[in-house]
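Descriptive structure summary
One-letter residues, chain by chain:
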Amino acid sequence: MIELKNVTCRFGEAVAVDRINLTVETGEVCVLVGSSGCGKSTTLRMINRLLPHSAGEILVDGEDITAINPEQLRLNMGYVIQGTGLFPHWTVARNIAMVPQLLKWPREQIEERVHELLTLLELDPATHADKYPQQLSGGQAQRVGVARALAANPNILLMDEPFGALDAITRETLQLEMLRIQKEVRKTTVFVTHDIDEALKLATRIAVMDKGRIIQYDTPENILRRPASEFVENLVGKQDRGLKLISLRRVRDLMQPYPDPKPPEPGAEGLREDDSLRVALSVMLWQDCNRMPVFNASGDETGVISREQIMQEGG
Amino acid sequence: MRIWMPPALLAIVLFVLSVGMPALEPLFEWVQPDKRQVIYDRDSFLFLLQNHLVLVLISAFVSSVAAVAGGIFATRPAGRDFLPLVSQVASIGQTFPPVAVLALAVPVLGFGEAPILVALTLYGLLPILRNTLAGLEGVDQTVRQAALGMGMSPVQVLLRVELPLAGKVILAGIRTSVTINIATAAIGSTIGARTLGDPVIAGLVNGNTAYVLQGAILIGLLALTVDSLFEAIERVWDHRFLPQTEPSNLELRG
């Protein structure tokens, strides 16, 4: 758990972060979102003491971070930044092994862990472990960045616009990866982004920041349904709020399930349980139909969903 | 092993020539037919070579240690305030002619080896300092930030990340410095240091081109040997720390 109590950060006269309060529960993903210069990165860097806070208190699992040696504190916090910051003179394997090495793990255990993480991030250990960062694509490099942050199994993950420099398709893939990994490892995560769609997709709770203050701290659904101010309303986009709202929900939650899954008819088209309602609506509009079958991951037909249901949900 | 061949070969040629210069008497008689004496013999060439090399090595060692330490200091948070000053001194110092340093050192330190050592050390500092600053400043900020943010101590960041990444540029600075100093050390002969400049100066004074040639050839060979030695060291460094850049070989020479 991370708690910020009345935390302020000043650079000389300028106030970058102004008396913010924020509590991130264990296992939650808190996304700090806002335009550049709003203090979101500063907030993140105060948590791992890369920047000192001028006033207030920051507690990690109940302990004041100023009482902990900064290196000790950081070793227990995975850190991922934009542009990866991978060490260009080390191989992928050695990059990932960095924190375990600092913690003096035995060699076999490190090797095992590197292998495990590469597999978790869908990089083939045989082909990628001995490559150098320059030989990777942007998406692969950021996967290694995430693997490196997870290496020593920290309780906390800090991510500073990790996907900001990637192209839209790679970013989307990595966001999905992150949701998948988060389901497996359940890290307390603070994630900084300026992209509200990314925030809505990944967050358990979103903190909207402006001019060094937190304007609203709430679940994605509440941010969309009940924006606290005009600023938040503009940020989430007044006009396509409806679509954003239904993109938060999965087909699985709304469909009428069959008592027993049945094998699909040959050539039948349909939706997957993991698709968002937004995708479902889009597909139905495109194919001009009112009802669509839903398939699970193994390809069996498990239910059906209709356009009316989605419309009701969006209201 | 093959990368050590060129410096080894050059060193052998240098040694053989220093010992066997008298054997080339007929050649120098042809160059300088009007003189009775064509081989410089006030000191043995081997002695001069040795003395020359010792002067360069001592000054190179002292200036490398001092310049790298200074460069590291100026790029730490505590020394940041000095960075503009240090980098200005490093570039302005380069415009100062070595002869002027000698002229200023003699009244203070007298004649002999001492003033040339001071001049070489001071003059050798600057290329190393400049390259140390460039190398350390050239390390990607995000890399440094990541290293710190993941829990490395500042000393670990310096030793494991910054110096290995900046090393090649620093090494290039030392190479430039040593090569320049091999040439500059010869000037030491004008103020009484015993170097390979002796035959050159004696030849100029007596109008004996053969002497000048003998000194110049050995100085040139020495510079070539040392330069190719550095070439080999840089390759080994690359192999150790930046293997992914081979064989394209990023050129970062200062």
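Please refer to the structure placed before this passage.
Just so it is clear, the model here is predicted, and its values are computed rather than measured.

1. A short note on the overall build of chain B
When helices and strands are tallied, chain B shows 10 helices and zero strands. Dimensions of chain B, computed from the C-alpha atoms along their principal axes, are close to 75 × 45 × 25 Å. Residues classed as buried in chain B amount to 48% of the 254 residues present. Taking as baseline every contact in chain B between residues at least 6 positions apart, the subset at least 24 positions apart corresponds to 76%. Here chain B displays about 12,300 Å² of accessible surface, and carbon together with sulfur accounts for 71% of that area. When the 15 positive and 17 negative side-chain charges of chain B are each reduced to one mean point, those points stand 5 Å apart.

2. Topic: the interface of chain B and chain A
Taken together, the 21 residues of chain B in the interface contact 25 residues of chain A. Across the interface of chain B and chain A, roughly 1,900 Å² is buried in total on both sides, 68% from carbon and sulfur atoms. Between the two partners, chain B and chain A, sit three residue pairs in polar contact (both at pLDDT 80 or more). Counting residues per element, the side of chain B that touches chain A draws most heavily on helix H7 (residues 141-149) of chain B, which supplies seven residues. The residue makeup of the side of chain B that touches chain A, split by class, is 13 nonpolar, seven polar and one charged.

3. Overview of the packing of helix H1 (residues 5-20) of chain B against helix H3 (residues 45-75) of chain B
Residue and element names in this part refer to chain B. The geometry of H1 relative to H3 is characterised by a closest axis approach of 7 Å and an angle of 135 degrees between their N-to-C directions. With respect to H3, the axis of H1 lies oblique. Contacts from Leu14, Phe15, Ser18 and Val19 of H1 reach H3 at Phe45, Leu46 and Leu49. Class assignment of the residues belonging to the contact of H1 with H3 gives a composition of six nonpolar, one polar and no charged.

4. Looking at the side chain of threonine 195 of chain B
With respect to the helices, strands and loops of the structure, threonine 195 of chain B is situated in the loop between helix H8 (154-187) and helix H9 (197-206). Apart from residues lying up to four places away in sequence, threonine 195 of chain B is in contact with Leu48, His52, Leu55, Ala185, Ala186 and Ser189 of chain B.

5. Here we look at the pairing of strand E2 (residues 14-24) of chain A
Bridge count for strand E1 (residues 2-11) of chain A against E2 of chain A is seven bridges, and the pairing is antiparallel. Bridge assignment links valine 7 of chain A to a residue of E2 of chain A, and that residue is isoleucine 20 of chain A.

6. Description of the sheet that holds strand E13 (residues 291-295) of chain A
All names here are of chain A. Read from one edge of the open sheet, four strands run E11-E14-E13-E12, paired in mixed fashion. Edge strands, defined here as strands with exactly one partner in the open sheet, are strand E11 (256-262) and strand E12 (271-272). The sheet contact formed by E11 and strand E14 (residues 301-306) spans three bridges and is antiparallel. Bridged to lysine 262 within E14 is glutamate 301.

Scoring rules and cut-offs
Residues numbered from 1 in each chain as written. Chains lettered and ligands numbered in written order. Predicted model: local features only at pLDDT ≥ 70, side-chain atom pairs only at ≥ 80, totals over all residues. Heavy atoms only, no water. Helix = DSSP H or I, 4+ residues; strand = E, 2+ residues; numbered from the N terminus. Buried < 20%, exposed > 50% of the residue type's maximum accessible area, 1.4 Å probe, protein only. Contact = heavy atoms within 4.5 Å. Areas by Shrake-Rupley, 256 points an atom, 1.4 Å probe, with all protein chains shown as cover. Lys, Arg positive; Asp, Glu negative; His and termini not counted. Charge placed at Lys NZ, Arg CZ, Asp CG, Glu CD. Buried area = accessible area lost by both parts, 1.4 Å probe. Polar contact = N/O pair within 3.5 Å; in protein donor to acceptor, adjacent residues only side chain to side chain. Nonpolar A, V, L, I, M, F, W, Y, C, P; charged D, E, K, R; others polar. Axes fitted to C-alpha atoms, helices over the stretch in contact; angles between N-to-C directions. Parallel < 35°, antiparallel > 145°, perpendicular 65-115°, else oblique. Pairing = 2+ DSSP bridges.

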